[in-house]
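Each chain, written out:
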Amino acid sequence: MNNMKKNDNDDFEILRQISKKPDSTQRELSKQLNFSIGKLNYCLKELQKKGLIKIKNFKKNKKKLNYFYLLTPKGVSKKTKLTINFLKNKMTEYDELVNEEHNIIQSDPELKKDINKFGIGHNINAFDEVIEENKTRTKPLFKTIEVNLRRRTVIVDDVLSYHKDKPIPSWIELSIIDVCNRSCSFCPKSDPKVAPDTYQKMQMNLINKLTNELKEINYKGSVVLCGYGEPMLHKDINIICKKLSEVSFVEVVTNGDPLKPKKIRELYLNNVNKLLISMYDGKHQVEKFNKMIKESGVPKDFVILRDRWYDEKKDYGLKLTNRTGTINIGDQEKVGKYKKCFYPSYQFLVDWNGDIFLCPQDWQRRVTMGNMMQEHIFDIWTGKIMEKFRKDLINGKRVDSPCTLCNAEGTVLGKNHANAWAKTYSNRI
């Protein structure tokens, strides 16, 4: 077990240094890592065998130790996981130190008195942020022409903003919890081998970080709570919506099962702009939810009811896709019919742990673009991995996993963003 931890730490440090400076020589790496050349060479070869890095020799370079090290997408994913484990270990160490400090303070009355007066560490009142749910709505309800019919078009295609001369997204999906109370046949959650319920949930520190970084880039789009689970199962959903509403329009997509008039009212009070209820059981749900909406006292156009109770012959009332080769139910388009895709030009998805994915189609979470607990979202958005996928897909090249398996149309929205990115890339030449 200790050897496993030691190996993980070695891998983490090497991947971390390579991501910082890919053109480091082995001598430079060995010095930075405090490894012998022999140990470093062995570790690099093992990482190469695992498919985590690529090793390339500089052209026309006769020096044996001069190589270019490149993290593969698999390597980036591994580095992210190792980093999260590293952070968890550090958090555990920190909690132990806090407990130790607490015990010392409690055993010394004079020290405790001074701490309460001036504040140290967790005891500094200035850094305490208590987020409470709204009791009254503090933000006007977003309205626009035919918003119930064109809500995504209005946000995505009409909101094109820039930060540091680069187009920024206008649509961000958050998967705040990895569990669903239903198991629909057209959803990957129906197969626990593909999309098991892990019951993991997004923490408020990640929500706070996302909110702060969206402020920094002057975000003007929507944040939608949906993703890989049922968002209404997250106990902090009201606080999450309130916080996100500081910087974006907020939408919640739900199957409606956890809803009561009180919950609908609370979402409205905490500045949600649209509540979308997908009805899977039958027409009788229309009357049920309309009654619930009336009892909640929210405006009628706050809620959108979506009929999803149809059978396979009518594609369940959905625009069916194979979720990047994950499901094949219904009458689906063939893989290869659609070439171009604008998803990574205007949006991305954030999983519960901060992993960022190209789009909501990638249900098997094959390739992460990065993790927002490690990097600023703008750096991930404009990073090398995202850029490669974006360039290829704008030019009609679905050449990398998971895109090679995807049958989604991908060009319904985001044309303005794709054109803006194409212009940005052409100006670099």
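Presented here is a report on the structure given in the accompanying data block. Computed from a predicted structure; not experimentally measured. (Residues numbered from 1 in each chain as written. Predicted model: local features only at pLDDT ≥ 70, side-chain atom pairs only at ≥ 80, totals over all residues. Heavy atoms only, no water.)

### Some words on the overall build of the protein chain
So, step 1. Summing up its helical and strand segments, the protein chain has 14 helices and twelve strands in all.
So, step 2. Here the analysis covers contacts within the protein chain between residues at least 6 apart in sequence; of these, 69% occur between residues at least 24 apart.
So, step 3. A total accessible area of about 23,100 Å² is found for the protein chain, and carbon and sulfur atoms account for 51% of it. (Helix = DSSP H or I, 4+ residues; strand = E, 2+ residues; numbered from the N terminus. Contact = heavy atoms within 4.5 Å. Areas by Shrake-Rupley, 256 points an atom, 1.4 Å probe, with all protein chains shown as cover.)

### A closer look at helix H7 (residues 204-216)
Count 3.6 residues to each turn of an α-helix, and residues three or four apart come out pointing the same way.
So, step 1. Between its first and last C-alpha atoms H7 spans 18 Å; for 13 residues at 1.5 Å apiece the expected length is 18 Å, and the two agree.
So, step 2. Along H7, the positions that sit buried rather than exposed are Met204, Leu206, Ile207, Asn208, Leu210, Thr211, Glu213 and Leu214.
So, step 3. On its buried side, H7 packs onto strand E5 (171-174), strand E6 (222-225), helix H8 (237-244), strand E10 (347-350) and helix H12 (377-381).
So, step 4. Asn218 occupies a position one or two residues after H7 and carries a positive phi of about 60°. (Expected span 1.5 Å × (residues − 1). Buried < 20%, exposed > 50% of the residue type's maximum accessible area, 1.4 Å probe, protein only.)

### Quick word on the environment of Ile240
So, step 1. Tracing the sequence through the fold places Ile240 in helix H8.
So, step 2. Sequence spacing of Ile240 and Asn270 is 30 residues, and the spatial spacing of their C-alpha atoms is 8.8 Å.
So, step 3. Apart from residues lying up to four places away in sequence, Ile240 is in contact with Ile176, Met204, Ile207, Leu225 and His234.

### Points about the packing of helix H9 (residues 261-269) against helix H10 (residues 284-296)
So, step 1. Orientation of H9 relative to H10, taken along the N-to-C sense of each, is 60°, at an axis distance of 8 Å. The angle between the axes of H9 and H10 places the two elements in the oblique class. With respect to the hand of their crossing, H9 and H10 are arranged in right-handed fashion. Facing Pro261, Ile264 and Arg265 of H9, the residues of H10 in contact are Met292, Ile293, Glu295 and Ser296. (Axes fitted to C-alpha atoms, helices over the stretch in contact; angles between N-to-C directions. Parallel < 35°, antiparallel > 145°, perpendicular 65-115°, else oblique. Left-handed = near helix turned anticlockwise from the far one by under 90°.)

### What to know about the packing of H7 against H8
So, step 1. Direction vectors running N to C along H7 and H8 enclose 15°, while the axes themselves pass 10 Å from each other. If you check the angle between H7 and H8, you find them roughly parallel. The chirality of how H7 crosses H8 is right-handed. Contacts from Met204, Ile207, Asn208, Leu210 and Thr211 of H7 reach H8 at Ile239, Ile240, Lys243 and Leu244.

### Describing the pattern of salt bridges
So, step 1. Under the counting rule described, the total for this entry stands at ten salt bridges.
So, step 2. Two residues, Lys235 and Asp236, come together in a salt bridge whose shortest N-O distance is 3.5 Å.
So, step 3. When its relative accessible area of 61% is taken as the criterion, Lys235 is described as exposed.
So, step 4. Between Lys262 and Glu266 there is a salt bridge, with the nearest N and O atoms lying 2.6 Å from each other. Within this pair, Lys262 and its partner Glu266 are both found in helix H9, separated by four residues, close to a single helical turn.
So, step 5. Judged by its relative accessible area of 59%, Lys262 falls in the exposed class.
So, step 6. With relative accessibility at 17%, the residue Glu266 sits in the buried group.
So, step 7. One network of salt bridges, with partners in common, ties together Arg182, Asp257 and Asp281. (Salt bridge = Lys/Arg side-chain N within 4 Å of Asp/Glu carboxyl O.)

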